[in-house]
Each structure stands twice: as structure tokens, then as C-alpha cells.
Amino acid sequence: MDRPPTDTPADPASAGVSAESGPARRRAARAKKAAPPASEPVENPIARVLPLLTPAHLDRDFDYLVPPELDDIARPGVRVRVRFAGRLVDGYLLSRHAESDHPGKLVRLERVVSAEQVLTPEILRLATTVAARCAGTRADVLRLAIPPRHARVENGGPAKKSAETDGPTAPAVGSAASGAAGPDAETGPGVQDGPGTDAGLGADAGSDSDAGTATDAGSGVRAGLCADAEPGPDAVRGTDAEPRMDAASGVHAGAGPADEPGTDTGSGNYARSGADADPGADAGSGADAGSGADAGSGTETGPSMDHGPGTGNDAGTNSGVGTPQGAGRTVGSGSGGEAVPLRVVDVPGATVAPEESGGSPVVRGSDTGSAGAREPDRSDAAGRAALPAGMDTGAWRRYRHGDAFLTALAGRRAPRAAWQALPGEDWARRLAELAAMVAADGRSAILMVPDQRDLDRVLRECERLVGDSAVGLSAGLGPAARYRRWLAVLRGTARVVVGTRSAVFAPAVDLGLVAIWDDGDDTYAEPRAPYPHAREVAMLRAHDTGAAFVAAGFARTAEIQAVVETGWAHDLLADRATVRAAAPRISAPGDSDAALERDPMARAIRIPATAFAAARKALAAGSGVLVQVPRRGYVPALACTKCRTPARCRRCVGPLSLPGSDRPAGDPGAAHSPVCRWCGRTEAAFRCPTCGGRVLRAVVIGAGRTAEELGRAFPGVPIRGSSGAAVLDTVPPGPQVVVATVGAEPLLVGGYGVGLLLDGWALLGRADLRAAEDALRRWLSAAALVRPDGEVLVMADPAVPTVQALLRWDPAGHAAAELAQRTEVGFPPAVRMAAVDGTPDGIAGLLAAAELPAAVEVLGPVPLPAAARPPSGMRGDGDDPGAEVERVLLRTPRTHGAALARALTAAQAIRSSQRAESPPRIQMDPLEIG
């Protein structure tokens, strides 16, 4: 039974003042004295606020009073400061109501930080969906989605001299009133991630759960989701000058009527409505196919087998644990009187869930109105006529159903495709063409890429087609430029967003396309709670808004193959004749008896004679040679010569390596002994702990040693390296040898003449679920840089299925085989799996509190995999090894994935309300399983 909250005076100067110092009391008294008297009562005096609190049991909405002086700017979506448990915390105002069901007095809003409505209805709904799917909290998701405020940028003030020329951003509506609400200091730069990691965040990248505002001491996990609030006739008073929000309802204006289902015309698989994909059906049993807007059902919608996106909005009620003094308890859907919501509501414009309509399709989706709606009288010809001048889409005709895909995209029919790019394809230009087609229709597009190099390449192509309507969001911009561009997207002046993983949360107006390039790259996995993957978030957002979705790349992941097989997305492939004409000749040394007769040692040595012969021929013809190696450095891995046991440091058990040295041989600082890659100490007298051997051998040859060997083999030929911090974007034409690590291969105009893929066993032999998939993706990306008349040699066993898929250039077939194998053994994406990492006591306490579904299988505990990062607070350094960390895997069929996430969310809420120490980390479908 919940304990009722303690009533406190509504006066902010007296609420929680005892915990403040004398100056704070004097400032509060001056603010009270300077506040103008209320001339008229507030129409909707109750503000429903989501405080940004970390504990799981506090992931709920709380009611606060709106002071008369804040009535005009306290609108849905603005940032606010509220008093919670005697402390000031950040939050977002979700909706305004006429009444509250809290029986006591309510605390007043302390301050409206800014009148800018940064939390749109669509982003709130997406955050709720992602939190439910990942067993996290909305506060954690919103920290990933919305960057920290930069006051000077938001108010349109002068930029600093060091700031880059991003172009002026229009001042925020109501920025003058924002100053009246109280001064707000500019936020700091936050975390500056490396290129291609996070595009708009200022939270601590090193922690598993972002450090939020001050909360109750001892609380530390997440739970609870917001309930829906039905829109009422009463409106919050605000300005009518805001073009982005409707002043009467706080939701996006401009909704157009949606066509009746089944009226689409066009050809091919892509001439279909956004409402005809049957995303709510679940092929297994259909049990988890409820509406994402159903507050309390907690069901998960998606295509069959739940391989596609599911909303899983479980908005169940929560206990009153941790209710602040004077703050109202969580109010259910539709309670508390008339509401002006920032909520999940059913409006025309997105996809259907047949179970919601009793057999007849009902369009369900976005608050933004026109996000997924189609104009009923719009023709395909009209859509093509709106393309930018000089734009040619002829390259898409090389793909089967390419014309149908473009027709559906121009006709607002939300096609969903798995695009397999041809070798040598100018994929950046193709993505820019899709974005330009959407932008020409007045909609927005989001293009996601793995790193900064790809971002710059795609952004250049987008700027050529749409000009200033394209912006890039990346971590290297700095807080001011990043927030300026984010505001341009929010205010609708930027229609095309190119960014890394956090760009999927960009507040694009009237979203028409979400595209992701190379979704198998591990940089798309968010390292902060609740650890969502950008691919999953992109599918969820496209499903919810009715936008088109494209997963593009030279390779294909098992996750994308799963949604293709269930019908949620369709193949966009070229026929075999076109692939053979575009691909270089690919071979593996010793792949035939004749090849073995010519070179008996072809399979045994690192660079066989055939590879040297191909490289010499290409260099003599004036072409470049690309050499891909799996590791950077000189000799990055060593092992005992006798027993092949990996060489480890005696102090920290780190791997030993032989670093290269550019110092003279007589220099005493030159490295002559193995060095630990973890602690940096030299191991002068190695002794194998297994057999006692003292002789070491190289396990993997790094890029530095490879470049040294090739320099001796090809004297007088330029040798270039691209790895680590010295990654080359492009190289000039001419005969040369480029040695690059995987993912760092530079572009060469016209393509390379020969590509050598060395040490294939190092990529295939990794103890990882996705080792084969990742190896093929790396090989295809490098082979795509070779000219169609060139040659690619992969140094790997030709009998391996992954090598055979490379020889045939068949990524779709390899993904289908990979998915079938994972289905057979029960690994994602065939099942939903949760990894629980923590101390043995913490894991045992969480599992004891969780009411797991009967279909959940518990695997473990086992030691935390070496490649996995320990949870926050359990990482040792120096002489302290840290706490013992274990991992437990929870596996369940996809039809029960939403139930598993709800059970873990509820268990975290119970544990956090009990202030349990060392809360475990929960990751749904992690990349590193062990």
C-alpha cells in the first residue's frame, strides 16, 4: 500500500528551503517579491512533468502547479526545473490539465528553462517505445535523444569567434519570455566522443547509466512508463507564432487526410501503402501485437516473429515510492480533468495493426499528423516532377524493383527496403538522391552512417542536391554548433539530417525517410543505458510514423534478413548478371587443384606467390594495390612457439605484443622485448605458464610490419598506411601500395587494380556470434573499392561458407544461412535475449524480484566475457581488480520479448525502491553475448 505524500506549502520559496543556504533563501524571497500578482486564474493550472531521474521506480509523471507568471511559456515539450525531494532537478513538461487526482497540495514549477518546445510528441512516443523495448527508463532515452541546451544559440545571440559558420538559426519563439522565466547558464560541452559515435549528447559516456540530476540517495535503477492522456477541448495558452506546434493542442499541425487502404497504384513490391505491411501481426501466435498506444497492455507490435519493430509501450502503473513532498502521484490515462497532452494518441498517418480494428485495417501512428499521411490526390508523376533540377535516378534501374521503389517513395507510400549496393556503387550519391526526393516533397529525411568519414561524404552529396537544407550531426562539432544544427532540424529549416547513431532521434518535421548505411558496424550500438541499437530505433520510428525505411550496405546482417523474411521489408537487389559485371574477379589462393599445383604452399603462407604476381602486374599498369590487414601495429599478438598459448603479462594478464620502433637500432629506447598492451610494462624474460617455453612467435602481423615487408618486396613504390589515428580518406591516383586496417580503407579515384585481404583466419576465428557476418562485411567493403576489371585475393580457406559467399558476392544468401543457423541454436535475432551483468548478489536479487514469463530460459551465471565492458562501479584500475562480475543470459521466443522486458523493468523498480547496492546492468539483445 502506497504511503500518501506529505503535503507542503505551494510556495516555492518555502518548499525545501530548509536544505538551502541563506543566500538561496534571500534569492527566493526576492523572486517572490518581484513576481507580478496574478491578474487572472490559470486556465489549466496542473502541469504534468517527467523529471529526469535515474532510479527506475521514479520513471513516472508527476503533477505540479503552474504559477501565473509562467502560464504563457509553460507549454508541452519545454524544459523545466522542478523541486523533487527537496532538490532542483531537470524535467520536461508533458501536458497541462485542469485538475489533479493528488489529494494534497502541489509544489509549483520552479522555472521554465526555455520556451523552446524541444520534446516533440513523436520523440516522446519514440522514447517511451525504446525504453519499454530495452527495459530502461524514458529519462535515459531522452538524454540520448535531446542534446544539452546552449542558451546563446537558442536565443539567437552572437556566436563566438571560434565557432564554425553554420549559418544563423532563427531565434526561438518566446525567447524574450524565456529570460523572464529565469536566467539559464549555458551548458558545458559534455562528452566529446570520437568521430562517428554520438551526435548530440552531453552525458557521461563512461557510465552505463547517465548521471542525471540529484535524486534520492541510494536509488539507482529504472522502471515505469508514462500513461496516455486523452486530448481535451481546453487549450494551454501560448503564442500562435510557433510554426512547429499547434497552439491549441501542443501537437504538430498540418495533418492531412490519409487515403483509404488499398488505393495505392504502382508497380513492384514497393508500390504499397504504409498501412498494408501488417506490422502488428505476429507470425508465431499474434499474442504480442497490441497497440503501442494502449496504456497498460504492454504488448509489442511488429511483423511476424517480431523481427520487425515493436512498440512494446507498457505504461503500467507504479507504486508511490519516492513521491516528492507536495508532488502529485502518477495519474492514469485520461484522469485529472481536461488535458492538453504531449502524448501518444491515435491519429491518421502510419501503419496498421489488424488486431486493433477487428479485421479491417486502422491507420495508427503519429502525433505529427502528416508524418505518415499521404495526399489522396497526389500522383506519382507529380512526385517525380518535384525532384531537384539535374538529379538523375537512372542508377536505380540497375536494381530489380528500383523504379517501383522510387515511385512508392515519391508517392508517400512508405516503402521499406533492404538495399544491397553493387560493387563500386556511389552509395553516398544514391542515399542523397533518396533524401532529395523526400525533401522536394516537403518532408524530412534522416541518413545514418557509422563514422565521420562517411558522414562527410554523404553530407557533401546532400548539399549538392538540397543545399542548406542538409545538416550534419556529429560529436566533433562542439556543443554550440551541434545544438544550432539540432534546432534547425527542430524548427523545420533543415530537412535532411546526416549523422551518426544519435541522429535517429533527430526531431525531423514530417519524417518521410529513415536510412541507415552499414548497420552491422558496432558503432551503432549505444554504450549508455538503456543501450539501444540505432538500427532497432530506426525501424521503430519508421514503423510508428509511417516513414520509409532503407537498410543499405554492401553486406547484410541477420537482423535485416529477418525482417525481409517476415515481409516487413523487401529486397532491393540487382540481378546476377549485373552483379557479375560490376564485381571484380575474386579468388582465394589454392581454391582449385590447378592452383595448388602451381603453388603448393598457397594455403600455408601469409602472402602467396599469386598475390605478389597480381600486385606486381597492377603496379606495372599504373594502378594502386589495396592491402587489408585485421590489426594495426607491428606484431600485435604473440604466442608460445611450443604450445601456441597466447602470451600474457605476469602483472595484469594483458596480451603481449612487439611494438614497432622508428628509432635507430642502437637507440637504447628502441623496443627489443615484448610489451604489455594493457599496462605498458616490458616483459624481458617471458616464460610460458603452460609448458615453460621461452620462445615466442607472431600470431598476427600488424599493419606496420606488413607495410615494412611490402616495402622491401616492392622497392621504389610508395607505401601508404591507413590505420588508428592516421586514417586516410582518399589517396591520389598512381601506382602505390596502401596498407589499411579493416574499416580504414581510403578511396582511390577510379578504383584499385588489386585488393589483397590478408589474415582472413583472424577475422573468422574470433570467438564471437557475429564473427562470420562481420568478416564478410569487412571483405565486401574493401572489395567494393576495386575496379570491375580488377582482382581481389582473400587469404582464407576457400572451403569456408563465408569465403564462398565472398567469391560469389552473395551477401543476402550468407545472411539467410546465418539466420537459419541462429534460429536452430536459439540466438538473436531468432529469439530475444537479455544479458544481466553484475555481482553475484546483485544478479540473484534482481532475478528473485523478477516475475519472469514461463517461456524464459536462464543461462548461466558465467564470467563476464573478456570483450564486454564491466558495468559502472565495478571496474577495477591499478591494483584494485574491481568487484567480481558475472553474466546471466535470459532467452525467450520473440513473441514473449515484451513480457521479458516488462518483467525486468518491474524488477529494477523494486530493487531501486529498496535502494539495493550494485544494481546489475541489463542489455537487451547485446552485440557481445560471450
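Once a new chain begins, its residue numbering starts again from 1 and follows that chain's sequence as written. Owing to the predicted nature of the model, reporting of local features is limited to residues with pLDDT of at least 70; listing and counting of side-chain atom pairs is limited to 80 or more, with chain, interface and lining totals taken over all residues. Side-chain measures here rest on the full set of heavy atoms in the structure, leaving out hydrogens and waters.

(A) Helix H12 (residues 534-545), seen in detail. For the purposes of this entry, the term helix denotes a DSSP run of H or I that reaches at least four residues, the term strand denotes a run of E that reaches at least two, and both are numbered from the N terminus. To estimate the expected span of a helix, count its residues, drop one, and scale the result by 1.5 Å. With 12 residues, H12 extends 16 Å from end C-alpha to end C-alpha; this agrees with the ideal 16 Å at 1.5 Å per step. For H12, the secondary structure elements touched by its buried residues are helix H2 (121-133), strand S8 (444-448), strand S11 (511-517), strand S12 (548-553) and helix H13 (558-565). Immediately downstream of H12, the backbone of Gly546 shows phi near 75°, a positive value. Should any heavy atoms of two residues lie within 4.5 Å, those residues are considered in contact.

(B) Representation of the nonpolar core within the structure. Counting residues in hydrophobic clusters, the biggest one holds 72 residues, and the most contacted among them are Trp419, Trp427, Leu447, Val496 and Trp517. It is helix H9 (residues 427-440) that contributes the most residues to this core, 10 residues altogether. What we call a nonpolar core is a set of buried Ala, Val, Leu, Ile, Met, Phe, Trp, Tyr and Cys residues that are connected through their side-chain atoms within 4.5 Å. Using a 1.4 Å probe on the protein chains alone, a residue whose accessible area is under 20% of its type maximum counts as buried, one over 50% counts as exposed, and one in between counts as partly exposed.

(C) The arrangement of the environment of Ala684 in detail. Note on placement: Ala684 falls in the loop between strand S18 (675-676) and strand S19 (696-700). For Ala684, a relative accessible area of 68% puts it in the exposed group. On a C-alpha basis, the gap between Ala684 and Pro674 in space is 7.0 Å, while along the polypeptide they are 10 residues apart.

(D) Expanded view of the sheet that holds strand S27 (residues 857-863). One open sheet accounts for four strands, arranged S27-S28-S26-S29; its pairing is antiparallel. Strand pairing shows two members of the sheet lacking a second neighbour, S27 and strand S29 (921-924), which therefore form its edges. Neighbour-to-neighbour, the strand axes of this sheet turn through a mean angle of 20°, independent of strand direction. Pairing of S27 with strand S28 (residues 886-893), which is carried by five bridges, proceeds in the antiparallel orientation. Across the sheet, the residue bridging to Val862 is Arg887, located in S28. Pairing between two strands is assigned when DSSP locates at least 2 bridges connecting them. Axis definition: a line fitted to C-alpha atoms, limited for helices to the stretch in contact. Angles are taken between N-to-C directions and run from 0 to 180 degrees.

(E) Structural view of the packing of helix H8 (residues 402-410) against H9. Their axes nearest at 9 Å, the elements H8 and H9 cross at an angle of 30°. What the angle tells us is that H8 and H9 run roughly parallel. Here H8 contributes Phe405, Leu406, Leu409 and Ala410 to the contact with H9, which in turn contributes Leu434, Met437 and Val438. Under the scheme applied here, ten amino acids are nonpolar (Ala, Val, Leu, Ile, Met, Phe, Trp, Tyr, Cys and Pro), four are charged (Asp, Glu, Lys and Arg), and all others, including Gly, are polar. Residues that form the contact of H8 with H9 fall into these classes: seven nonpolar, no polar and no charged. Should an angle lie under 35 degrees it is considered roughly parallel, over 145 roughly antiparallel, and from 65 to 115 roughly perpendicular; all remaining angles are considered oblique.

(F) Region of interest: the sheet that holds strand S7 (residues 416-420). Spatially, the seven strands line up as an open sheet ordered S9-S10-S8-S11-S12-S7-S13, and their pairing is parallel. Across the chains shown, the open sheet's two edge strands, defined by having one partner strand only, are strand S9 (470-473) and strand S13 (570-572). On average, adjacent strands in this sheet sit at an angle of 20° to one another, irrespective of strand direction. Pairing geometry for S8 and S11, over five bridges, is parallel. In the strand pairing of S11, Ala445 is matched with Leu513. The strands touched by H9 within the sheet are S7, S8, strand S10 (496-499), S11 and S12, with S11 carrying the most contacts at an inclination of about 170°. Contacts from helix H10 (residues 452-466) reach S8, S9, S10 and S11 within the one sheet, and its direction differs from that of S9 by about 165°.

Everything listed here is a matter of coordinates, which is why it stays silent on function.
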